[in-house]
Amino acid sequence: MTTTPLPSVAVVIPAKDESARIAETIRGVRTIPGVAAVVVVDDGSTDGTDAIAAHEGAEVVRHARNHGKADAMMSGLGRVKGLRRVGRLDEDASVLFVDADLEASAQAVGALVAPVARGEADLTIATLPKQQGSAGGHGLVVSLARRGIEELTGWSPVQPLSGMRCLSPAAVAAATPFARGWGVEVGMTVDVLDAGLTVLEVPCDLQHRVTGTDWRSQVHRAAQYRDVALALGVRRLRRRLGPA
Ligand SMILES: O=c1ccn([C@@H]2O[C@H](COP(=O)(O)OP(=O)(O)O[C@H]3O[C@H](CO)[C@@H](O)[C@H](O)[C@H]3O)[C@@H](O)[C@H]2O)c(=O)[nH]1
Ligand SMILES: O=C(O)[C@H](O)COP(=O)(O)O
């Protein structure tokens, strides 16, 4: 009996000070069929995240200082390209971005892979169930992101900020270079749709660290708001100016 070979997938995990969670997250994604490489980008952590990721057998890229999530994802793509060049990864491998804080639930991101492998979508995005513990936001960033994507593309995502995403090589080409910082997801969604590619949200049973209500959390939300607004503003301007 012949079996169709499994599509290969490169997992990229951007991580800033995730020593408490990174090992479980790496083990979680390793259970996903077809995963040929796990790349952890330590984005200037000071808690030994890189050493733990290396101990778990991940490919580790280290930023000497913190650059923000989007740059960490770009660095991860750089390592993926390198792995392709040396023949450790197929040319047509998809790239699966996974946040570092999912722990064992990370295995559920596997649901994002099949639609891309089967050519049904170029970008799949995880939607998460209601999270344990209380989230402290008022939905401001989420609604800015959702309304902006809808205005620019006509598509209204359920969870526009979700970071768990699987991209075909065509989607990677359309989405790079990424919008900076926390604007990466919104920019990616708009750019992939603009390229005429298909985007699909897929429910995944994931649990992550929710943003709370303390001052640090509010500063985090303000940075998210700024970066999402910037990503949308750049794309509105591009619309007005037309193709370069
Ligand atoms: O400077 C940073 C900050 C964070 N991270 C990593 O990025 C991921 C997401 O960060 P997190 O603090 O968990 O983000 P959330 O507050 O949960 O943000 C939500 O919204 C973001 C967009 O605003 C998305 O990028 C996230 O995936 C989504 O979970 C984690 O692996 C972090 O370790 C970095 O690599 N560099
Ligand atoms: O807590 C969250 O979901 C994010 O930080 C976004 O915050 P928001 O509730 O202001 O959209």
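In the block above lies the structure referred to throughout.
Residues numbered from 1 in each chain as written. Chains lettered and ligands numbered in written order. Predicted model: local features only at pLDDT ≥ 70, side-chain atom pairs only at ≥ 80, totals over all residues. Heavy atoms only, no water.

Visitor: Is there a simple way to explain the pattern of salt bridges in this structure?
Guide: Working definition: two side chains of opposite charge can pair if their charged atoms are close together. Scanning the entire structure with this criterion turns up 19 salt bridges. Among the ionic pairs, E18 bridges to R209, the shortest N-O distance being 3.0 Å. Here E18, found in the loop between β1 (9-15) and α1 (22-30), pairs with R209, found in the loop between β7 (199-203) and α8 (215-241); they are 191 residues apart in sequence, far enough to count as distant. The partner of D42 in a salt bridge is R62, with the nearest N and O atoms 3.2 Å apart. Remark: R62 occurs in strand β3 (residues 59-63) and D42 occurs in strand β2 (residues 35-43); sequence separation between them is 20 residues. Members of the salt-bridge network, linked through shared partners, are E18, D101 and R209. (Salt bridge = Lys/Arg side-chain N within 4 Å of Asp/Glu carboxyl O. Helix = DSSP H or I, 4+ residues; strand = E, 2+ residues; numbered from the N terminus.)

Visitor: When you look at the site of ligand 2 in this model, what are you seeing that I'm missing?
Guide: In the neighbourhood of ligand 2, the contacting residues comprise G137, H138, G139, L140, V141, V142, T211, R221 and Q224. At a separation of 3.2 Å, an oxygen atom of ligand 2 approaches a polar backbone atom of L140. Interatomic distance of 2.9 Å between a backbone N/O atom of V141 and an oxygen atom of ligand 2. In isolation ligand 2 has 310 Å² of accessible area, and contact with the protein removes 82% of it. Take the shell around ligand 2: its biggest share by element is three residues, from helix α5 (residues 140-153). (Near = heavy atom within 4 Å. Polar contact = N/O pair within 3.5 Å; in protein donor to acceptor, adjacent residues only side chain to side chain. Areas by Shrake-Rupley, 256 points an atom, 1.4 Å probe, with all protein chains shown as cover.)

Visitor: I keep staring at the site of ligand 1 and nothing clicks. Help me out?
Guide: Residues in contact with ligand 1 amount to 21 residues; listed here are only the nearest, E18, D43, D99, E185 and H220. Interatomic distance of 3.5 Å between a backbone N/O atom of A15 and an oxygen atom of ligand 1. In this structure, E18 approaches ligand 1 through a side-chain N or O atom, which is 2.6 Å from an oxygen atom. About the coverage of ligand 1: the protein hides 90% of its 690 Å² of free accessible area. Those elements that provide at least two residues to the shell around ligand 1 are β1, α3 (69-85) and α8.

Visitor: So what exactly am I meant to see when it comes to the packing of helix α7 (residues 184-194) against α8 here?
Guide: Helix-helix packing: each pair is described by the crossing angle between the helix axes and the interaxial distance. α8 packs onto α7 with a crossing angle of 25° between their chain directions and a minimal axis gap of 9 Å. Relative to α8, α7 is oriented roughly parallel. Contact residues: V186, G187, V190, D191 and D194 in α7; V228, A231, L232, R235, R238 and R239 in α8. (Axes fitted to C-alpha atoms, helices over the stretch in contact; angles between N-to-C directions. Parallel < 35°, antiparallel > 145°, perpendicular 65-115°, else oblique. Contact = heavy atoms within 4.5 Å.)

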